[in-house]
Each structure stands twice: as C-alpha cells, then as structure tokens.
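# Per-entry structural report
The chain contents come next:
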Amino acid sequence: MKKTNEPAPLKGHAGYLSPRYAKGQRTADALLESGRRLLRSRPLESMSIQDLCAQAEVTTGAFYGRFRSKEAFFTALQALAVQDIREATRQRIAELESGEWSLEDAVGTLARNIRLWVLRHEGVLRATLLQHRGAAAGWAPFRRMTHDFVEALVPLVAGLLGGGRAGAQERGLRIRFGFQMMVGTIVNAAINNPGPLSLSDPRMDEELTQALCLYLRAQTVRTDHARPRSR
C-alpha cells in the first residue's frame with residue numbers, strides 16, 4: 001500500500017492519530033475539508049461528529065481512527081489554517097520583492113489574496129474568534145502572523161509610495177494602519193457579514209484597493225506639505 005503524505009502541521013499534533021497509508025490520509029483530508037465547509041454555515045457547537053462524517057461520507061469509527069475528539073479535530077483545522085496563511089504570506093512577499101508593481105496592483109493583489117484566504121477558512125476563523133469571546137489561545141498564531149506580514153509589507157509599500165527618508169516614520173504608521181483597516185474589514189465580513197459587500201463578493205477587492213490607495217496617497221501628500229521649506 002502507498003505510504004501517506006501527511007501535512008506537516010499534523011505530524012505529532014495532539015489528539016491526531018497519524019495514518020500509515022494514503023487511504024487513511026484521504027479519510028482525514030475528507031473530514032478536514034468537510035469541517036471547513038460545515039463551519040462556514042454553522043457554529044462549532046452545532047457541528048456534530050455525525051454530521052461531519054455524513055458530509056465526508058465516512059463512518060464515525062473512521063473519525064475516531066484519526067481524531068481523539070471533536071476538540072482535537074478543530075485544533076487540527078486551526079493548525080492547517082495557520083500553515084496556509086504562513087505559506088500564502090511568504091509567497092505574496094516573494095512576489096512583491098521580485099516584480100515591478102504599481103501601488104494599485106500591489107494593494108489589489110494583497111486585498112484579493114487576504115479575502116480569499118479568509119473566505120477559505122471563514123468558519124474556522126469565526127469559531128476561533130468566538131471561543132471565550134475572542135480570548136482563545138488559538139487566535140494568537142493568526143494575530144502574530146498578521147503582524148509579521150504587515151511589518152514585512154511596510155518597506156515594500158513605502159517604496160511604491162516614494163518620498164525618501166523624510167516622513168518615513170509617519171508613512172510607516174499610515175501603512176500599518178491602512179492594512180489594519182483592510183484586514184479588519186475582511187475579518188469583520190467573515191464574523192458579522194454586515195454588508196453591503198459579502199466576503200464572497202470580488203468587488204470587495206476593488207473597493208478596499210481604491211480606499212487604501214487613496215488613504216495612503218492622501219497621507220503622503222499631507223506629510224510632504226508638512227515638511228519645512230528650505231530658505
């Protein structure tokens with residue numbers, strides 16, 4: 001039988017029983033994908049193991065052959081979501097560093113990729129945030145990676161804005177706050193869906209791109225005007 005190709009984050013994961021062969025891994029993958037889908041339309045406490053197994057077309061025995069509990073299953077979903085964002089952010093930074101971008105193209109690419117990543121893991125993120133009213137330890141890796149991602153973006157976006165050394169500290173603050181607004185808007189769409197644009201609507205990318213670029217350019221102009229003129 002063919003050996004398994006297990007996702008790295010699940011090796012040694014507490015409560016996860018590693019399969020020896022590919023068939024067992026396919027069962028685990030089907031359960032995990034079904035969990036992601038079900039959590040998009042229902043809260044974690046309403047997702048039963050029976051519903052999960054029915055969605056994945058496997059038996060409850062197959063579930064317990066891979067996961068010790070529902071909690072272990074959910075933490076596995078969290079671990080895979082963390083891996084996904086880590087890889088996605090690494091790729092986005094590499095793309096921005098290696099290519100020639102306009103500010104609009106760079107921000108548009110970032111808006112689209114952040115929205116699609118959140119959309120894919122929408123239910124997992126919502127359940128993580130709502131655990132203990134957002135104080136769950138499970139949210140810490142997402143918060144840390146978002147911070148690191150934005151910090152890596154600051155010099156890249158600053159280079160697209162221009163302006164040299166003068167006002168660099170102020171521009172850095174504006175870039176950080178701009179992406180705080182972008183990420184906050186996307187996460188809020190996942191948690192509350194306040195409208196008018198839903199997380200699945202690609203028009204959100206266009207509106208966020210336009211809003212952030214206008215904000216960054218307006219702040220750059222304001223900073224430039226605030227510089228003392230040489231006599």
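For the structure itself, look to the data block above.
About the criteria used
Residue numbering note: each chain is counted from 1, following its sequence as written. Where totals are concerned, whole chains, interfaces and linings use all residues; where local detail is concerned, this predicted model gives features only for residues with pLDDT of at least 70, and gives and counts side-chain atom pairs only at 80 or more. To get the side-chain values, all heavy atoms of the structure are used, and hydrogens and water are removed first. What makes a nonpolar core is a set of buried Ala, Val, Leu, Ile, Met, Phe, Trp, Tyr and Cys residues whose side-chain atoms join them at distances within 4.5 Å. Relative accessibility decides the category of a residue: with a 1.4 Å probe and only protein chains considered, values under 20% of the type maximum give buried, values over 50% give exposed, and everything between is partly exposed. Helical segments are the DSSP runs of H or I of at least four residues, strand segments are the runs of E of at least two, and each set is numbered from the N terminus. Contact between two residues is taken to exist if any of their heavy atoms lie within 4.5 Å; hydrogens are not considered. As used in this structure description, the phrase polar contact means that two N or O atoms lie within 3.5 Å; if the pair is within protein, one of them must be able to donate a hydrogen and the other to accept it, and residues adjacent in sequence are counted only when both atoms belong to side chains.

### Description of the nonpolar core
Counting 39 residues, the largest nonpolar core has Val118, Leu153, Phe179, Met182, Ile186 and Leu216 as its most contacted members. The element best represented in this core is helix α5 (residues 103-120), accounting for nine residues. When sequence neighbours within four positions are dropped, the list of residues in contact with valine 118 reads Leu125, Ile186, Ala190 and Leu199. Judged by nonpolar contacts, the second largest core, of 22 residues, contains Cys53, Phe67, Ala76 and Val124.

### Concerning the side chain of threonine 209
On the secondary structure map, threonine 209 appears in helix α9 (residues 203-226). Of the residues examined, threonine 209 reaches a relative accessible area of 10% and is grouped as buried. There is a polar contact of 2.7 Å between the side chain of threonine 209 and the backbone oxygen of aspartate 205. Filtering out sequence-adjacent residues up to four positions away, threonine 209 remains in contact with Glu104, Val107, Gly108 and Ala111.

### A word on unusual backbone geometry
Between glycine 195 and proline 196 the backbone carries a cis peptide bond, its omega angle lying at 5°. Mapped onto the fold, proline 196 is located in the loop between α8 (168-191) and α9. Backbone geometry at glutamate 57 places phi at a positive 60°, although glycine is not the residue there. Of note, glutamate 57 is situated in the loop between α2 (49-56) and α3 (60-64). In this model, asparagine 193 sits at a positive phi of 45°, which is unusual for a non-glycine residue. Positionally, asparagine 193 belongs in the loop between α8 and α9. Its relative accessible area of 47% is what places asparagine 193 among the partly exposed residues.

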